[in-house]
Amino acid sequence: MDTPTFDAPSVIATKRDGGALSDAQIDWIIDGYTHGRVAEEQMSALLMAIYLRGMTPAEIARWTAAMVGSGQRFDFTDLRRDGKPLALVDKHSTGGVGDKITIPLLPVVMACGGAVPQASGRGLGHTGGTLDKLEAIRGFSAELSKNQIRQQLCEQGAAIFAAGELAPADRKIYALRDVTATVGSLPLIASSVMSKKLAEGARALVLDVKVGRGAFLKTEPESRELAQTMVDLGNANGVPTRALLTDMNRPLGYAVGNAIEVAESLDVLAGGGPADVVALTLELATEMLAAAGIDGVDPADTLRDGSAMDRFRALIAAQGGDLSVALPVGAASETVTADRAGVLGDLDAMGVAMAAWRLGAG
Ligand code: URA
């Protein structure tokens, strides 16, 4: 059967007027935008209509499937280590402030026997991206070929890579959302996260869904619905998925900004670091190990005995990074001293994120 064709204004008008997009309309618009037949201004208008009108669960599922179908889907189930299939598991956060958790978490899971294919993103809106943070390490590259990813998964137990050929529709839409004030939309967040994660080849997935002032969705009911939507998408697509709702009213840890977040992650891997970063790292590691069917190991041991740090050093070196070179420091610094003694009772994550963004962290 021939694929039906549409025109972008009528697809936009359907959503602008509160209607549901048909499967064929969704497939057509995603394919057209990925291949440059639908213009940036047309996709911008559609994203705003989705932001304002929302999507039904059926629309979200089809939009996600169309984004997965816009590129390759990796399959690593043939890979073996010591003759056994890899315990392929990944995590993704919906975006926070000072959220450097992926950096200490991956080596903890690697040290416990997991294998993590981690398709990472860049900063979005007021939140930082794992790739931007890791690129503060001299020489680090996330531009890995599929063969390099396969080799690293077997030899190191993880690969951190730019999504590249995975869900290219998301790559374009992600960048467009960032400049059209359409980031904080449940259907657009759910489909963005899940298109990459379904395409990257993990066999199980743990989601860290943020809630609070520094999250894209501020209230618990909204974040809970986002979590449930993504869990349903993962399970429906054969990737067992679980989610944690975690607090994002205050920044995670003490550092917000690319290089200083890497430094704080190294503190965690060295057995120190802020208590909230350590706690969330271990909580997510516990979920990832359970999802991957790994038992009988305590992730906290890997921070105490240095095995997570060893894994991190090996992973960064495999991706060209040189941890012996000092991390970059900001061009200017200023100390703000309190004019009287007291206890800091609150710190608005969004205010801190905007300050870091204006200083160049975005
Ligand atoms: N992470 C993503 O990959 N996409 C979003 O929309 C938000 C967080």
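Scroll up to find the structure this text is about.
What comes next concerns the included structure. Every value quoted in this text rests on a predicted model; they were computed, and no experiment measured them.

Now for the overall build of the chain. Counting secondary structure elements, the chain contains 15 helices and seven strands. The C-alpha atoms of the chain give a radius of gyration of 20 Å, which matches the 21 Å a tight globule of 362 residues would have. C-alpha extents for the chain along the principal axes are approximately 60 × 60 × 35 Å. Residues counted as buried form 52% of the 362 residues belonging to the chain. The contacts in the chain between residues at least 6 apart in sequence include a share of 78% that link residues at least 24 apart. With an accessible surface of roughly 15,900 Å², the chain has 52% of that area assigned to carbon and sulfur atoms. Each charge class in the chain was averaged separately, 33 positive and 44 negative side chains, and the resulting centres sit 1 Å apart.

The subject of this paragraph is unusual backbone geometry. Of note in this structure, D82 is not a glycine but carries a positive phi near 50°. Backbone geometry at A167 places phi at a positive 40°, although glycine is not the residue there. Within the secondary structure, A167 sits in the loop between β5 (158-162) and α8 (168-179). Residue classification places A167 among the buried residues on the basis of a relative accessible area of 1%.

Within the secondary structure, P240 is located in the loop between α10 (220-236) and β7 (241-247). Measuring from C-alpha to C-alpha, the distance between P240 and L347 comes to 36 Å, with 107 residues separating the pair along the chain.

As a further point, take the site of the ligand. Lining the immediate surroundings of the ligand are H92, S93, T94, L124, Y174, R177, I189, S192, V193 and K196. The contact in question runs from an oxygen atom of the ligand to an N or O atom on the side chain of R177, over 2.8 Å. S192 places a polar side-chain atom, nitrogen or oxygen, 2.7 Å from a nitrogen atom of the ligand. Those elements giving two or more residues to the shell around the ligand turn out to be β3 (89-93), α8 and α9 (186-199). It is α9 that contributes the most residues to the shell around the ligand, four residues altogether. Of the residues in the shell around the ligand, the class split is four nonpolar, four polar and two charged.

The next thing to look at is the side chain of S191. With respect to the element layout, S191 can be found in helix α9. A polar contact of 3.3 Å, which involves the side chain of S191, links it to the backbone oxygen of L188. Non-local contacts of S191, meaning those with residues more than four positions away in its chain, are made with W63, T64 and M67.

Definitions and cut-offs
Residues numbered from 1 in each chain as written. Predicted model: local features only at pLDDT ≥ 70, side-chain atom pairs only at ≥ 80, totals over all residues. Heavy atoms only, no water. Helix = DSSP H or I, 4+ residues; strand = E, 2+ residues; numbered from the N terminus. Rg over C-alpha atoms; globule rule 2.2 N^0.38 Å. Buried < 20%, exposed > 50% of the residue type's maximum accessible area, 1.4 Å probe, protein only. Contact = heavy atoms within 4.5 Å. Areas by Shrake-Rupley, 256 points an atom, 1.4 Å probe, with all protein chains shown as cover. Lys, Arg positive; Asp, Glu negative; His and termini not counted. Charge placed at Lys NZ, Arg CZ, Asp CG, Glu CD. Near = heavy atom within 4 Å. Polar contact = N/O pair within 3.5 Å; in protein donor to acceptor, adjacent residues only side chain to side chain. Nonpolar A, V, L, I, M, F, W, Y, C, P; charged D, E, K, R; others polar.

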